[in-house]
Structure formats: C-alpha cells, structure tokens
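The residues making up each chain are set out below.
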Amino acid sequence: MNEHDFSRFSALMLGLAENFGQSLSSQGIALRFRALAEYGIDEVEQAALSLMLHRKYASMPTVAELLEHVRGGSVEDKAELEVGKVLTAISAHGSYASVVFDDAVTQAVIVQAYGGWVKLCADCGTEEPEKWFRKDFVRIWAAYCRQGVQRHGHLPGRTEIANCSKGCLNDIPQPVPIGIPDKAHAVLEAGKSISLVTQLAHSKAIPFSAQGGI
C-alpha cells in the first residue's frame, strides 16, 4: 500500500472495528497501516472480510491475525491443508515414487520428524491411526513454520534409492510434483541451487595442494 490507499484503509479498519463492537484511534489506524504497508490494499480488504465472516471473538483482530489472513489463513489452517496433501500423496503414489511437495516446510517435517518419505509411507496407517497422525503433523508443521524450518529439493522413494545404491544413475525417476506444479518445481530447483553452493563452498575449503596444485 502507499499513501493514496490510506483513506480506503482507514475506512476499512473502522468498519472492521465496528463489526466487533470496538473503536480505533487515529494512531492505532496509522500503526496498522505501517505494519501492513508491504501488502496491497485489496489483499488487506480480503483479509478483513475473511475475519468479519469467520472470526467468532468480540475483540478487535490484532495485526498478527490480519497478517495471517493476508497470507492465506492461520498457521494451523495451512497445516491442515498440508497434512491432507501428504495423506493423498501417500495413497496416490506410495513409497516407490520420489516426490517433491510444493511446500518446503512440509518436506522438512517429513524428513526430520518422520524419517523421510519411504519411512513415512511405511509407518502411516500402521503404527499410528490417521487421526493421531493428522494431529501430530499439524502440531509439528505449525512449529516448523513459525521457526522457518524448510527442506528444498525432493524426497527420494524406494526406486530411486535402490537404483542409486546400484549405480544405475540413468534409471532415476523424476520426482512427482505434489500440490501446485510451479511451486513444487521452485522447491526442487531451490534444492539444486543449495546443493551447488554447498559443493562450491566445500571445494574452496580444500587446500590448493589437495586439488592437484603444486
């Protein structure tokens, strides 16, 4: 938003406050405008409408709540979507396929909390009922999201792991995108970039003589 949006923003905040039986000072409106300035006025308006329609508390929504809705909902809402995506992928593709999710936080949860894609597929539905898996995944995903824990690249399946161990590098299947293909591709490419940077950093850390120098 820019200064030309302030009048519309001010009216929006006053309407939001009125909906919840509250009032706002001019300073409160100005501070909210500064806090949300990086977002478009249309995005803020949609967030305000979402809060008016779905929020049950009588107090004025905080800036943090507005931000959550501007970004597509609360962390817990997003976690619920992600766990559904994971369960669908397990059912549709199974442990033999390599996969790449369109959310790097989801991939971090699968690897760090559940031991990787293959182990998750093997355990899910056997060692713990789906109800408890959903509950635990949502809790862990929300914590990882708040801490910014991510994993880029892809998650190898049984076929890729077996072929790599045999040296059959020409028979490595392409990872299946899970979710929005373009976003999944971005997560995959980010992993390749990180891997390349790591390799370059490692090569520079090796003494020149160890690389064949004199």
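Residues numbered from 1 in each chain as written. Predicted model: local features only at pLDDT ≥ 70, side-chain atom pairs only at ≥ 80, totals over all residues. Heavy atoms only, no water.

Draft legend 1. Quick look at the overall build of the protein. The number of helices and strands found in the protein is ten helices and two strands. Traced from its N-terminal end to its C-terminal end, the protein shows the element sequence α-α-α-α-α-β-α-α-α-α-β-α. Classification of the 214 residues of the protein by burial places 38% in the buried group. If you take every contact in the protein between residues at least 6 apart in sequence, the share linking residues at least 24 apart comes to 73%. Accessible surface for the protein amounts to roughly 12,800 Å². Of this, 55% is attributable to carbon and sulfur atoms. (Helix = DSSP H or I, 4+ residues; strand = E, 2+ residues; numbered from the N terminus. Buried < 20%, exposed > 50% of the residue type's maximum accessible area, 1.4 Å probe, protein only. Contact = heavy atoms within 4.5 Å. Areas by Shrake-Rupley, 256 points an atom, 1.4 Å probe, with all protein chains shown as cover.)

Draft legend 2. Representation of the environment of leucine 87 within the structure. On the secondary structure map, leucine 87 appears in helix 5 (residues 75–93). According to the relative accessible area criterion, leucine 87 is buried, its value standing at 14%. Leucine 87 sits 46 residues away from phenylalanine 133 along the chain, and the two C-alpha atoms are 9.5 Å apart. Not counting residues up to four positions away in its chain, the partners in contact with leucine 87 are Cys124, Glu130, Phe133 and Arg134.

Draft legend 3. Region of interest: the pattern of salt bridges. Taken as a whole and assessed by the stated rule, the structure comprises ten salt bridges. Arginine 146 is the salt-bridge partner of glutamate 76, the closest N and O atoms lying 2.7 Å from each other. Taken together, the residues span a long stretch of sequence, with glutamate 76 in helix 5 and arginine 146 in helix 8 (residues 130–147) at a distance of 70 residues. Given a relative accessible area of 34%, glutamate 76 falls into the partly exposed group. For arginine 146, a relative accessible area of 51% puts it in the exposed group. Three or more residues joined by partner-sharing salt bridges are found here, namely Arg8, Asp42 and Glu45. (Salt bridge = Lys/Arg side-chain N within 4 Å of Asp/Glu carboxyl O.)

Draft legend 4. Representation of the nonpolar core in the model. With 27 residues, the main nonpolar core has Val86, Phe101, Ile110, Trp117, Leu120, Phe133 and Phe137 as its most contacted residues. Core analysis: the second largest hydrophobic core is formed by 21 residues, Leu12, Leu16, Ile29 and Met60 among them. (Core = buried A, V, L, I, M, F, W, Y, C linked by side-chain atoms within 4.5 Å.)

Draft legend 5. Molecular detail of the packing of helix 1 (residues 6–19) against helix 3 (residues 41–54). Taken N-terminus to C-terminus, the directions of helix 1 and helix 3 make an angle of 5°; their axes are 10 Å apart at the nearest point. With respect to each other, helix 1 and helix 3 are oriented roughly parallel. For the pair formed by helix 1 and helix 3, the contact residues are Arg8, Phe9, Leu12, Met13, Leu16 and Asn19 on the first element and Ile41, Asp42, Val44, Glu45, Ala48, Leu51 and Met52 on the second. Across the contact of helix 1 with helix 3, the residue classes break down as nine nonpolar, one polar and three charged. (Axes fitted to C-alpha atoms, helices over the stretch in contact; angles between N-to-C directions. Parallel < 35°, antiparallel > 145°, perpendicular 65-115°, else oblique. Nonpolar A, V, L, I, M, F, W, Y, C, P; charged D, E, K, R; others polar.)

Draft legend 6. Main features of the environment of aspartate 171. Mapped onto the fold, aspartate 171 is located in the loop between helix 9 (158–166) and strand 2 (176–178). On the basis of relative accessibility, which here comes to 49%, the residue aspartate 171 falls in the partly exposed class. With eleven residues separating them in the primary sequence, aspartate 171 and glutamate 160 have C-alpha atoms 7.8 Å apart.

The values reported here are purely geometric and, on their own, carry no functional implication.
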